[in-house]
Amino acid sequence: MVQFDRFKLNNGLTVLFQKDTTTPLAVVNTLYDVGARDESEEKTGFAHLFEHLMFGGSVNIPEFDTPLQLAGGENNAFTSNDITNYYDVLPAQNIETALWLESDRMLSLAFTEKSLEVQRNVVIEEFKQRYLNQPYGDVWLELRPLAYKAHPYKWATIGKDIAHIENATMDDVKSFFKKHYCPSKAVLCISGNFDLERIKTLCEKWYGSIPPRNKAKRNILKEPVQNSFREKTIERHVPADAFYYAFKMVRRDHPDYFVIDTLSDAIGRDKSSRLYVALKKQQNLVSSISAFITGSLDEGLLVISGKLSAGISFEQLDRSLRVELEKIQTSLIEKDELNRILNKIRTSKEFQDQGILNRAMNLCFYELLGDAKLINLENEKYQNITANDVLRVAKKTLNFNSCSLLKVKAINNGK
Amino acid sequence: MVNRLSPPKLKRVDRIEFVSPKKYRISNHVTLYHMKEVANETARFDLYFDAGKNAASNGIPEFVNGLLLSGTKDITSFKINDAINGMGGFYNSGISMENSVISMFCLRENISTLFNTVLDAVCNVSFIKKEVEEFLADRKQQHAINLEKVGYLAHCGFQKKLFSNNEAYSSTLKASDFENTTAEQLIDFHAKHYLQGLLKVVVVGNVDSATIQKIAAACQNIAKAEPVISPKTLIHLPSRESKTKKDAVQTAIRVGRILFNKKNEQDYMDFLILNTILGDYFGSRLMKNIREDKGYTYGIGSSLVELQETGYFIIATEVGKELVEQTLNEIQNEIAKLQQDKISNEELELVRNFMLGQLLKNADGPYAMMDLFISAEMHGKELAIYNKAILAIQNITPERIRDLARKYLNWNDMCIFTAG
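Residues numbered from 1 in each chain as written. Chains lettered and ligands numbered in written order. Predicted model: local features only at pLDDT ≥ 70, side-chain atom pairs only at ≥ 80, totals over all residues.

1. Digging into the overall build of chain A
Looking only at helices and strands, chain A has 15 helices and 11 strands in total. The C-alpha radius of gyration computed for chain A amounts to 23 Å, which stays within 12% of the reference 22 Å derived for 415 residues, consistent with globular compactness. Along the first, second and third principal axes, the C-alpha set of chain A runs to 65 × 50 × 40 Å. Across the 415 residues in chain A, those meeting the buried criterion constitute 48%. Long-range contacts, defined as pairs at least 24 residues apart, comprise 79% of the intrachain contacts of chain A with a sequence gap of at least 6. (Helix = DSSP H or I, 4+ residues; strand = E, 2+ residues; numbered from the N terminus. Rg over C-alpha atoms; globule rule 2.2 N^0.38 Å. Buried ≥ 20, exposed ≤ 12 C-beta atoms within 10 Å, placed from the backbone. Contact = placed C-beta atoms within 7 Å.)

Written out as structure tokens, the structure reads:
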């Protein structure tokens, strides 16, 4: 059970405090309710580029990292299609340094030309390193626009085109900040061995004077219902054919979310899962196969991906895959099988809740979902899932009319 | 109004509480280490074997490591996985140059059952033909994928030069390894390096001592009878080589040399400070120059990697393919600066505080504390070495840092390998 307190400042900032008497460290985690889904289609990759600029100095402090390192701390951040999350971990006695730094960049950035120029280049190299220079690295750049036609999930957080990053101007950057970075769009979580009253005083001191800004109205295009199977084949210089079946699934806040997560575990989490056993161990069609969900806030994807064994065709795989997916839609999952999956989920949850940083990040995320208390209810939601739930949701979700298939065809390197 | 222009007052970390695990004797040379102080239901165990990559050639150690749960004459791989997954366990196997480690993450209530399942599977693995063939086919495909990664190509090339005098350390997987492996080779290796090769056992979790004693007892007959003897000297060959990969948009760069490990206590601890300044944190000289000033890369870092008897220094990065020479020049410049100029008090203060904060973090919680302990134990040290590290960080001088850079970071001593 994760215990925490919650309070709100006048400017709209939500603060969560999690007292932990066992650690000499403090965590300051800040989640901003902005991600790649908030970008316009002509300027993609901005939420992530912006995350880089958040380290390029704020209105009163020329550099973010140095003072935090001087305090013995470290920090990092990540951007997803839904959120941008920043964290600082430092010795508890120096917590005020993190609050000083984080509150100043919530107030405003320095916006220097040098920082923009350098971070543009860094992000372009990141684009190359992660997406262009890795075998299968560009798969999500292809799969997203296949699965989504209107919703901004059709582009990846890195952006849909390197040119969008190359052409980013200072005005673009400033207006992005104004629109998306304000106290009421943030959730702050502080963890460590402190008293609540001290945390309240410190938050008021550092964050209280940040003026409220209007929360920009979110206007995200709704994805039209997909009514037919989509398929695309791309050819790449890779050693093995690869496949990605992406089924549309419910939003993160839908009650069936947990059931679909369990369903994806049943079909492809580990070496006991149905697709691994049938398609790999029994039929030798694939060298690897797994299933997972994207976990996004808006309608997400349940993805089945893997690589074909040498000499196997996409058609052979497709036939057998459909047979296996049919089974889970027509007969109830066995009690042992369901227990196995739920036991694994229980272990994962225990490990997720251990460690001060993980807990702080999760608390912020659940608060964004509606209530940080959800962190303590999730395992129970999983443990209450029945075989009938899985059957019902499998029928609804594993529908090939709402599926998009990306095939990566290996072509010879000519070496 | 709050004053945002002057930073809050700082207090440096001056002491860290280190907690040793409890020791249970398995045999003369083999110990079980148990960290009981876990406040929740999580638990982990690790078994270390003398079965690292250097223990045989042609990929045999990697293959055996990957096949440990592939089935015995009594129980199939499917049933083994089912038993582990049914208990909510997460199994992991990993191999380094000198060790093989298998790990289980689970709830404490299941640790005994899972331990017995894994031990039985690992000790009685029978290398069933079908399992071996499937495994090798998968690994062959994975190897082909790895060969498409410039980071992997650079690593292999670098390793050859770094361990130039020792075939067991320098060799990397070849395509023919996947064709020529026989069941006999696997069985022989397993018999020697697993059935008589257990080096230590680690348990983290709130488990009673009776359970731990049972685990220790069950390990007795696979304990290694004599201490492992690893090569004391590995010799690198200063060189500059490259491998071409058509169509790559980035080039991977590796620069480094053989150095030392914790056994060379004072130089090791002081060099770690030099290494941090050069390339081991976000504010390091290399990151500041090559990423944050020039924008050549997404990341660049340096580290000191420890082996049983020695260690090596390595700088690694991936840069735009047209930026290789500029990057190497800048790396060389940054090293030269450290050799010529004494570090400012300001920067040294920053690195001191940062390193002490990191050590505090690396000692936070039972899992981190156990990892810290094992990192000392590997080299015959106790946790006390970290108190010495604190003193080294507090007391090092700019002159000493400069002298270490002069002694150990000469550009002409480096192995340089690029792939792209």
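2. A short note on helix α10 (residues 274-282) of chain A
Residues and elements named next belong to chain A. If you check which residues of α10 are buried, you get Leu 275, Tyr 276, Leu 279 and Lys 280. One face of α10 carries all of its buried residues, which in axial projection span an arc of 105°. In the stretch just after α10, Asn 284 is the one whose phi turns positive, near 50°. (Arc of directions from axis to C-beta.)

3. Remarks on the sheet that holds strand β7 (residues 239-243) of chain B
Residues and elements named next belong to chain B. Pairing is mixed across the open sheet formed by 5 strands, whose spatial order is β7-β11-β8-β10-β9. A single partner strand is all that each edge strand has here, and the edge strands are β7 and β9 (297-306). Within this sheet the neighbouring strands show an average axis-to-axis angle of 15°, counted without direction. Sheet analysis places strand β8 (residues 250-258) next to strand β10 (residues 311-320), joined by 9 bridges and oriented antiparallel. If you follow Gln 250 over to β10, its bridge partner there is Gly 320. (Pairing = 2+ DSSP bridges. Axes fitted to C-alpha atoms, helices over the stretch in contact; angles between N-to-C directions.)

4. Here's the deal with the environment of Ile 328 of chain A
By the secondary structure assignment, Ile 328 of chain A is in helix α11 (residues 314-330). Taking the C-alpha atoms as reference points, Ile 328 of chain A and Ala 266 of chain A, separated by 62 residues in sequence, lie 9.1 Å from one another.

5. Topic: the sheet that holds strand β1 (residues 5-8) of chain A
All names here are of chain A. Spatial ordering of the open sheet is given by β1-β2-β6-β3-β5-β4, a layout of 6 strands whose pairing is mixed. The two strands at the open ends of the sheet, each matched to only one other strand, are β1 and β4 (74-79). Strand after strand, the sheet turns through a mean of 15° between neighbouring axes, direction not considered. Two elements, β4 and strand β5 (residues 84-91), share 6 bridges in a ladder whose sense is antiparallel. For Thr 79, the partnering residue across the bridge sits in β5 and is Thr 84.

6. Quick word on the interface of chain A and chain B
Chain A puts 61 residues into the contact, and the matching count from chain B is 59 residues. Take the side of chain A that touches chain B: its biggest share by element is 8 residues, from helix α4 (residues 113-132) of chain A. Taken together, the residues that form the side of chain A that touches chain B break down as 20 nonpolar, 25 polar and 16 charged. (Nonpolar A, V, L, I, M, F, W, Y, C, P; charged D, E, K, R; others polar.)

7. Some thoughts on unusual backbone geometry
We note that Asn 58 of chain B has phi near 60°; this positive angle belongs to a residue other than glycine. For Asn 58 of chain B, the location among the structural elements is in the loop between β3 (42-49) and α1 (60-66).

8. What to know about helix α5 (residues 139-147) of chain A
Given 3.6 residues per turn, any residue in an α-helix points the same way as the ones three and four places further on. Residues and elements named next belong to chain A. Listed as buried for α5 are Leu 143, Arg 144 and Ala 147. Relative to the axis of α5, the buried residues are bounded by an arc of 100° and lie together on one face. Those residues of α5 that are buried are in contact with β8 (242-249), β10 (300-308) and β11 (403-410).

9. Remarks on the domain arrangement of chain A
Residues and elements named next belong to chain A. Domain assignment breaks chain A into domain 1 (5-207) and domain 2 (230-410). Centre-to-centre, using C-alpha coordinates, domain 1 lies 29 Å away from domain 2. Tallying the contact residues gives 30 residues for domain 1 and 25 residues for domain 2. Of all elements in the fold, only β2 (14-19), β3 (25-32), β5, α5 and β6 (186-192) reach the threshold of two or more residues within the side of domain 1 that touches domain 2. (Domains from an automatic or database assignment.)

10. Side note on the pairing of strand β4 (residues 90-95) of chain B
The side chains of a regular strand alternate, residue by residue, between the two faces of the sheet. Residue and element names in this part refer to chain B. Strand direction decides the pairing type here: β4 and strand β5 (residues 100-107), joined by 6 bridges, are antiparallel. Across the sheet, Phe 90 pairs through a bridge with Phe 105, a residue of β5. Between β4 and β5, which follow one another and run antiparallel, lie 4 residues.

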